[in-house]
Amino acid sequence: MQRPPPQEDFSLKETKPHLGGGKVSGDKLTSTYDLVEQMQYLYVRVVKARDLPGKDVTGSLDPYVEVKLGNYKGTTRRFEKKSNPEWSQVFAFSKDRIQASVLEVTVKDKDVVKDDFVGRVLFDLNDIPKRVPPDSPLAPQWYRLEERNGSKVKGELMLAVWMGNQADEAFPEAWHSDAAAVSGADGLANIRSKVYLSPKLWYLRVNVIEAQDLIPSDKSRFPEVFVKAILGNQALRTRVSMSKTINPMWNEDLMFVAAEPFEEPLILSVEDRVAPNKDEVIGRCAIPLQYVDRRLDHKPVNTRWFNLEKHIIVEGEKKEIKFASRIHLRVCLEGGYHVLDESTHYSSDLRPTAKQLWKSSIGVLEVGVLSAQGLSPMKTKDGRATTDAYCVAKYGQKWVRTRTIIDSFAPKWNEQYTWEVFDPCTVITIGVFDNCHLQGGDKSGGARDSRIGKVRIRLSTLETDRVYTHSYPLLVLHPTGVKKMGEIHLAVRFTCSSLVNMMHMYSQPLLPKMHYLHPLTVSQLDNLRHQATQIVSLRLSRAEPPLRKEIVEYMLDVGSHMWSMRRSKANFFRIMGVLGVVISVGKWFDQICNWKNPITTVLIHILFLILILYPELILPTIFLYLFLIGIWYYRWRPRHPPHMDTRLSCADAAHPDELDEEFDTFPTSRPPDIIRMRYDRIRSIAGRIQTVVGDLATQGERLQSLLSWRDPRATALFVIFCLVAAIVLYVMPFQAVALLTGFYVLRHPRFRYKLPSVPLNFFRRLPARTDCML
């Protein structure tokens, strides 16, 4: 059945904004924030005051400062009974909203009935100096306070007043006039731009070898002993030892995710299964992770014996009894693995944990978060629909959060951020959210920040040094279907520091060596990724202000592995799209056999005869053809980065029942109980099938991307390889090539290397259409 064409509304739009403050060449403005539109601000830094006169009957003073510009008014915090207060607060007034010509900075005394006027300083906006980063900050000065009639009064105020832009260091900490409705320090903290760092994650490997001299409570039976290991909220256990003695053996590996700084010890307990549902602790020990060995490669670390302790309760107090039982372990923190906290399809970082193993960076990614248009109303405030939008971008270990623009369906952020790039085959994720915590903390009844949509951009699909300015549709799947929540306007530039290093990356394994030398099982990786995402979301939600759990989970795609009929259908269509090329070649060959186009058929006959008479021309001809096709397709190479595709995701024509199933809870909430159990089992099996089908589609799409110029550097490498291969194979005798190839393929295992080959590494780095999956 022919699917309907995609709605124009869901498409990517190229834009031509004025970046870097216009096109003035040589202007210093363009050197600081050149990927965003310049926004001018009037900054007022209120530092401190001295010798303020007393106003109360007692002669004391409760001073605060009011900074007023037209209709906009900001106030500092208040001090009690202090004539020399220090505030060190910054106020920012957007130049676009300035409607006055005079800035008024007033010192007032807080009073019960009416605040007393102490003195003020006036500034004419035409006389205020401009400051352009990277100039040093403007030095504050002492200003004598004046009465309303202009006469001098006792007391001085230290201020710095200047015109700047959003590149100013004071910008993130400033009180903004457009956020005047937000109250309290907590509320202001929740709307400011911030940078967060993911915690450093390690895999902790616990090799449980054996235990000695255990003392079970019932000595008349053979003990059935296992070891339970707990780290934070992660708990794993070994199987019951086959040697049912007081000296059991296991030799089993348990893997955990640990995050620096290490807060909780690893707790091991040796337990005896005395009855089907009853386990008895024989002994336990706690191992602080600070003292655990760290390894960078596959060389085993030394084993250690740990004494087991038993806790007993004596008159309500816990006492430790030390006895001769001990356990033999090999415990180490694995520095050679990359701890996966996001899907490998959309990974933004592939480096191992240990910094010693990091390679040098290959470039810089710069993202300008410009604005959004047509955002959907996300909540109702005072009977009026409103949206308080902010963006979160995640790449590598660095998360950034823009400031929240209050009550706007077309917010303008114009904030620019930079990341170091270590691998071009990585993805940056930018999400847009509605802030539900404007009054500070979690006081609004456990409100959750709503998701407005997200964008993923694969760096390898970007040309180096080109500024991409596009408006991306923000698409979210709801139980009623796919919905466009607005558009986000981004400027993206990927700058490469060394082209040779970057091209060399295409021959390297995608993940660190340890993933191939000592691979983890699929189920292990699934469990460890779940633990890693939980740790990251917990740590970031403890930052101040918090990056909340719902945001981190949405950015890390938690739950993307769950069964979905819609996604399975989409993956099936992807496979059919890849196989469609093979089918079309078959149809073309069938047409040649049936002489539909006699001239083409005759030419194929001649080519066939030449290749039969000169078999050594077969391979060079194929590579030459691929080279020519690659050069031919260069004219139609993609000009825009990939974006969310509703047709590819089968989201535009999803059946309501399928969406109901996708948004159903897991376990299902549909009655009756038996159906629920069976339904869940089918969904979990189908989820595995869905992943396999998706992986098959990914391999086929990578083949397609060899010549599509979707990753311009990879296609350029492949096209050059085809040309070189064509020339070499023209020169060398075919029989020699065939002989060398056969011997190489059949070589002895001792001449094989455990790491994947260069062609395989190159292939795994090619982009697939997973980036465009919704």
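It should be emphasised that the depicted structure is a prediction, and the values quoted were computed from it without experimental measurement. (Residues numbered from 1 in each chain as written. Predicted model: local features only at pLDDT ≥ 70, side-chain atom pairs only at ≥ 80, totals over all residues. Heavy atoms only, no water.)

Undergrad: Looking at this structure, I do not really get the pairing of strand β21 (residues 363–373). What am I missing?
TA: Walk down a regular strand and you will see the side chains alternate between the two sheet faces. Of all 11 residues in β21, 9 are buried, a share of seventy percent or more. Pairing between β21 and strand β26 (residues 412–421): 8 bridges, direction antiparallel. Its bridge partner being in β26, Val369 is matched across the sheet by Glu415. Summarising the sheet, β21 and strand β30 (residues 481–496) pair through 10 bridges and their orientation is antiparallel. Bridging across to β30, Leu365 finds its partner in Phe494. (Buried < 20%, exposed > 50% of the residue type's maximum accessible area, 1.4 Å probe, protein only. Helix = DSSP H or I, 4+ residues; strand = E, 2+ residues; numbered from the N terminus. Pairing = 2+ DSSP bridges.)

Undergrad: What am I meant to see in the environment of Ser151 here?
TA: Here Ser151 lies in the loop between β8 (141–146) and β9 (152–165). Here Ser151 falls in the partly exposed class, since its relative accessible area comes to 33%. Along the chain, Ser151 and Phe409 lie 258 residues apart, while their C-alpha atoms are 47 Å from each other. Here Ser151 is in contact with Leu145 and Glu146, once residues within four sequence places are set aside. Here Asn149 takes part through its side chain, which lies 2.8 Å from a polar atom of the side chain of Ser151. (Contact = heavy atoms within 4.5 Å. Polar contact = N/O pair within 3.5 Å; in protein donor to acceptor, adjacent residues only side chain to side chain.)

Undergrad: Help me understand the UniProt feature "transmembrane region" (unreviewed entry) in the protein chain in this model?
TA: Annotation from UniProt places "transmembrane region" (unreviewed entry) at residues 572–589, 601–634 and 716–746. Here residues 572–589 is 100% helix and 0% strand, with 25 Å between the C-alpha atoms at its ends. The span residues 601–634 shows a helical share of 85% and a strand share of 0%, and its end C-alpha atoms are spaced 28 Å apart. (UniProt positions renumbered as here; feature names shortened; annotations may be inferred.)

Undergrad: Explanation requested: the confidence of the model for the protein chain in the structure shown.
TA: Note: predicted coordinates in regions of low pLDDT should not be interpreted at a detailed level. On average, residues of the protein chain score 84 in pLDDT, and 91% of them reach the 70 mark or higher. Long-range and interchain partners of residues 22–31, a stretch whose pLDDT sits below 50, account for 11 contacts in this model, where long-range means more than four residues apart. (pLDDT = per-residue confidence, 0-100.)

Undergrad: What am I meant to see in the pattern of salt bridges here?
TA: Proximity of charged atoms lets side chains of opposite charge pair with each other. Taken as a whole and assessed by the stated rule, the structure comprises 38 salt bridges. Measuring nitrogen to oxygen at the nearest pair gives 3.0 Å for the salt bridge that ties Asp434 to Lys379. One end of the pair, Asp434, is in strand β27 (residues 427–434); the other, Lys379, is in strand β22 (residues 379–381), with 55 residues separating them in the sequence. On the accessibility criterion, Asp434 (0% relative accessible area) is buried. The partner of Glu415 in a salt bridge is Arg403, with the nearest N and O atoms 2.8 Å apart. Of this pair, Glu415 sits in strand β26 while Arg403 sits in the loop between β25 (398–401) and β26; the two residues are 12 residues apart in sequence, bridging distant segments of the chain. The exposure class of Arg403 is buried, given its relative accessible area of 4%. (Salt bridge = Lys/Arg side-chain N within 4 Å of Asp/Glu carboxyl O.)

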